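# Close look at the chain arrangement
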Amino acid sequence: MLSKNQFLQKCNKPSLLRGASFLLLLFVALLLIACGSQNGSSEGAKDGIQATSGILAELDNANQKWQQQNIKSYYLEVLYWRDYFQDKTVYKITVKDNHVKTQSATITPTLERKGEAPTLSSFNANDFTIPALFETARSLAAGNLQKSSLIDQNPQKSRLQIKYDSVYGFPRQVYIESLDKTDNWTKWEVLTFQVLPSN
């Protein structure tokens, strides 16, 4: 067994300091890398915002595809959801000859409610028609975040994703999220779409 003095002699203090210095340098390097990647994701958001003309061109092409179909009567169900802590609402709308004829909505409460019944405030069904979904996507792509629930309303700190219906061209899903804040997003998603005969 080593005595205290023998142990201290075996432990060379300069080598311990070098080990601690190495760990400190490693920590600082990792910290710098992490900070650099945050700046990189922010730059990516700016690149996405600067690419708005590309998003608008996609929307124009999709809208042209929708217009060429000349669909004036349809039934659709649109999910509207803002982050995981908010209720999901599905809007069910029938459009006949480009006018809303029937409308209803169903709310699915979040787990946070613990038995509390959700309440549906009145809504304008025209906000969830196919032309309205195009307008919402266009407005968000142009940097107007008023229709979203994003807290900071800063288009340069947001990411917009639009998925289009392969057959009809309308925006099947419009999703915008904050790059700065966790669980800060808004989604519109067409769950059901059915063409109806026009009168």
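So, a few notes on the structure that sits alongside this text. On a predicted model such as this, the values are computed, not experimentally measured, just so you know. (Residues numbered from 1 in each chain as written. Predicted model: local features only at pLDDT ≥ 70, side-chain atom pairs only at ≥ 80, totals over all residues. Heavy atoms only, no water.)

### Observations concerning the pairing of strand S3 (residues 99–108)
For the record, the criterion: The rule for pairing is simple: two strands pair if DSSP sees at least two bridges between them. By definition, any uninterrupted DSSP run of H or I lasting at least four residues is a helix, any uninterrupted run of E lasting at least two residues is a strand, and each is numbered from the N terminus.
With 9 bridges connecting them, strand S2 (residues 88–96) and S3 associate as antiparallel partners. Across the sheet, residue Thr94 finds its bridge partner in S3, namely Thr102. Joining the antiparallel neighbours S2 and S3 is a turn of 2 residues, in which Asp97 adopts a positive phi near 50 degrees.

### Here's the deal with the pattern of salt bridges
Which entries qualify depends on this criterion: The rule for a salt bridge is simple: a side-chain nitrogen of Lys or Arg has to be within 4 Å of a carboxyl oxygen of Asp or Glu.
Enumeration over the complete set of coordinates arrives at 4 salt bridges. The salt bridge involving Glu177 is made with Arg159; its shortest N-O contact spans 2.9 Å. Taken together, the residues Glu177 in strand S5 (residues 171–178) and Arg159 in strand S4 (residues 158–164) connect sequence positions 18 residues apart. Of the charged contacts in the structure, one is a salt bridge between Lys187 and Glu189, with a shortest N-O distance of 3.3 Å.

### Considering the sheet that holds S5
Quick reminder of the rule: Every axis corresponds to a line fitted to the C-alpha atoms, with the helix fit spanning only the stretch in contact, and the corresponding angles, defined between N-to-C directions, vary from 0 to 180 degrees.
On the basis of which strands lie adjacent, the open sheet formed by 6 strands has the order S3-S2-S1-S6-S5-S4 and antiparallel pairing. Each of the sheet's edge strands pairs with one partner strand only, and the pair in question is S3 and S4. Across the sheet, the axes of successive neighbouring strands diverge by a mean angle of 15 degrees, strand direction being ignored.

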